[in-house]
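# Summary of structural features
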Amino acid sequence: MDKNTKIYVAGHRGMVGSAIWRNLKAKGYTNLIGKTSKELDLRNQAEVELFFRTEKPEVVIDAAARVGGILANNDYPYHFLMENLQIQNNLIDAAHQNKVQKFIFLGSSCIYPKHAPQPLKEEYLLTDTLEPTNEWYAIAKIAGVKACEAIRKQYGKDFVSLMPTNLYGPNDNFDLKTSHVLPAMIRKFHEAKENTNSNVKLWGSGTPMREFLHVDDLAEAVSFALENKLEDHLYNVGTGEDLTIKKLAETIQEIVGHKGEIKWDSSKPDGTPRKLMDVSKMNEQGWKAKIELKGGIEKTYQWFLDNEYREVIVK
Ligand SMILES: NC(=O)c1ccc[n+]([C@@H]2O[C@H](COP(=O)([O-])OP(=O)(O)OC[C@H]3O[C@@H](n4cnc5c(N)ncnc54)[C@H](OP(=O)(O)O)[C@@H]3O)[C@@H](O)[C@H]2O)c1
Ligand SMILES: C[C@@H]1O[C@H](OP(=O)(O)OP(=O)(O)OC[C@H]2O[C@@H](n3cnc4c(=O)[nH]c(N)nc43)[C@H](O)[C@@H]2O)[C@@H](O)[C@H](O)[C@@H]1O
């Protein structure tokens, strides 16, 4: 792809968007555009349409969304359904109406049925019911996948959907109510260590299993999808390996150096028992995850120690 192609990275300040921005800059792309949510509220269709008519991006990478962990999804169903429908539909339709040549949509592994066979294949989409704690977000994301598939089918445009597994890395959301498990554990173990190794309270039973991909690996997958015409409309993006939440806790506790006890709060939901993705389709295309989990968590903890961390709240 020509390095001065005009690429709009929606959500360029988020954990994923900022990793994509860094990756594209490092690859020599010189014509990137990004807008904060204050500059351009993607829920506002008229504002989005004006932006596309004015800026005329040639490529759109959608890393903008209302995002959060299991509790935020469960507590704010309307925000997670409606805001994500508004954001993605405005972006996808404005891109289509303004002759954008390539659109990369980011969904999530939660679009697959709660009890689908593991590892999850792309073809399992819509074959059974969803996990109740995040079905709202999942339905929005499924609609985005189908919108891109419909544009491919009806107009032959290169609109493609990548389904990342649980992501982590620098610039994540570390708010303890709305964040995902990995950044929450980093902050909880760190603060407890600093507080004479007090006990750490974690959610659920610790028995669910999760797959974790470093956000720089995802950014590489997005660049790969940008520079290659993928033959299908939907690709899982993950490491193909998972671990129990309990094992994750023990790993992070050791990395942080916390010496206290872990208490499990069974009043909090476990969510999907497992959502390991089959990543063979994307691997066959030529992309593979490189960052192994322990090293990735160590780098993320160092980032947490060296930087002001973000807290995303639901307004
Ligand atoms: N984190 C994960 O584990 C994970 C896993 C799978 C898929 N994903 C997907 O990856 C994408 C990004 O996730 P993330 O973890 O990077 O989330 P994040 O850190 O919360 O970033 C979300 C971004 O979206 C922007 N945004 C939200 N609402 C907006 C609005 N109304 N108007 C304009 N911009 C808005 C925010 O902009 P401002 O900063 O300017 O407010 C922010 O930059 C999402 O599509 C998510 O579904 C994430
Ligand atoms: C990728 C994301 O996956 C999300 O599901 P999901 O992995 O369960 O989201 P997480 O919030 O990462 O939770 C993963 C598992 O970690 C447990 N957990 C233990 N302690 C904590 C804690 O302190 N904070 C958090 N957040 N979890 C914790 C949680 O109960 C759950 O079983 C979806 O809700 C999103 O929509 C998105 O798809």
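A brief report on the enclosed structure follows. (Residues numbered from 1 in each chain as written. Chains lettered and ligands numbered in written order. Predicted model: local features only at pLDDT ≥ 70, side-chain atom pairs only at ≥ 80, totals over all residues. Heavy atoms only, no water.)

## Overview of the side chain of Asn236
Note that Asn236 resides in strand β10 (residues 234–237). Only 3.0 Å separates the side chain of Asn236 from the backbone oxygen of Leu120, close enough to count as a polar contact. At 3.1 Å, the side chain of Asn236 and the backbone oxygen of Asp278 are in polar contact. The residues contacting Asn236, other than those within four sequence positions of it, are Tyr112, Leu120, Lys121, Glu122, Met163, Met277, Asp278, Val279 and Met282. (Helix = DSSP H or I, 4+ residues; strand = E, 2+ residues; numbered from the N terminus. Polar contact = N/O pair within 3.5 Å; in protein donor to acceptor, adjacent residues only side chain to side chain. Contact = heavy atoms within 4.5 Å.)

## Concerning the nonpolar core
Judged by nonpolar contacts, the single largest core of 39 residues is most densely connected at Tyr8, Leu42, Phe52, Leu91, Phe103 and Tyr112. Secondary structure elements with two or more residues in this core: β1 (7–10), α2 (45–55), α4 (77–97), β4 (102–106), α5 (135–155) and β5 (158–164). Once residues within four sequence positions are removed from consideration, Tyr112 is found in contact with Leu120, Lys121, Glu122, Tyr124, Leu125, Leu130, Met163, Leu234, Asn236 and Met277. Counting residues in hydrophobic clusters, the runner-up holds 31 residues, among them Met15, Ile61, Leu213 and Leu226. (Core = buried A, V, L, I, M, F, W, Y, C linked by side-chain atoms within 4.5 Å. Buried < 20%, exposed > 50% of the residue type's maximum accessible area, 1.4 Å probe, protein only.)

## A short note on the environment of Lys157
Within the secondary structure, Lys157 sits in the loop between α5 and β5. In this structure, Lys157 is in contact with His96, Lys99, Val100, Ile151 and Arg152, ignoring residues within four places of it in sequence. At a separation of 2.8 Å, a polar atom in the side chain of Lys157 contacts the side chain of His96.

## A closer look at the site of ligand 1
As a matter of local geometry, ligand 1 sits amid 27 residues, with Val16, Ser37, Tyr137, Lys141 and Arg310 nearest to it. Within the contact set of ligand 1, an oxygen atom lies 3.3 Å away from a backbone nitrogen or oxygen of Ala65. When ligand 1 is considered free in solution it has 900 Å² of accessible area, and contact with the protein chains removes 91% of it. Looking at the shell around ligand 1, the elements with two or more residues in it are α1 (15–26), α5 and β6 (166–168). (Near = heavy atom within 4 Å. Areas by Shrake-Rupley, 256 points an atom, 1.4 Å probe, with all protein chains shown as cover.)

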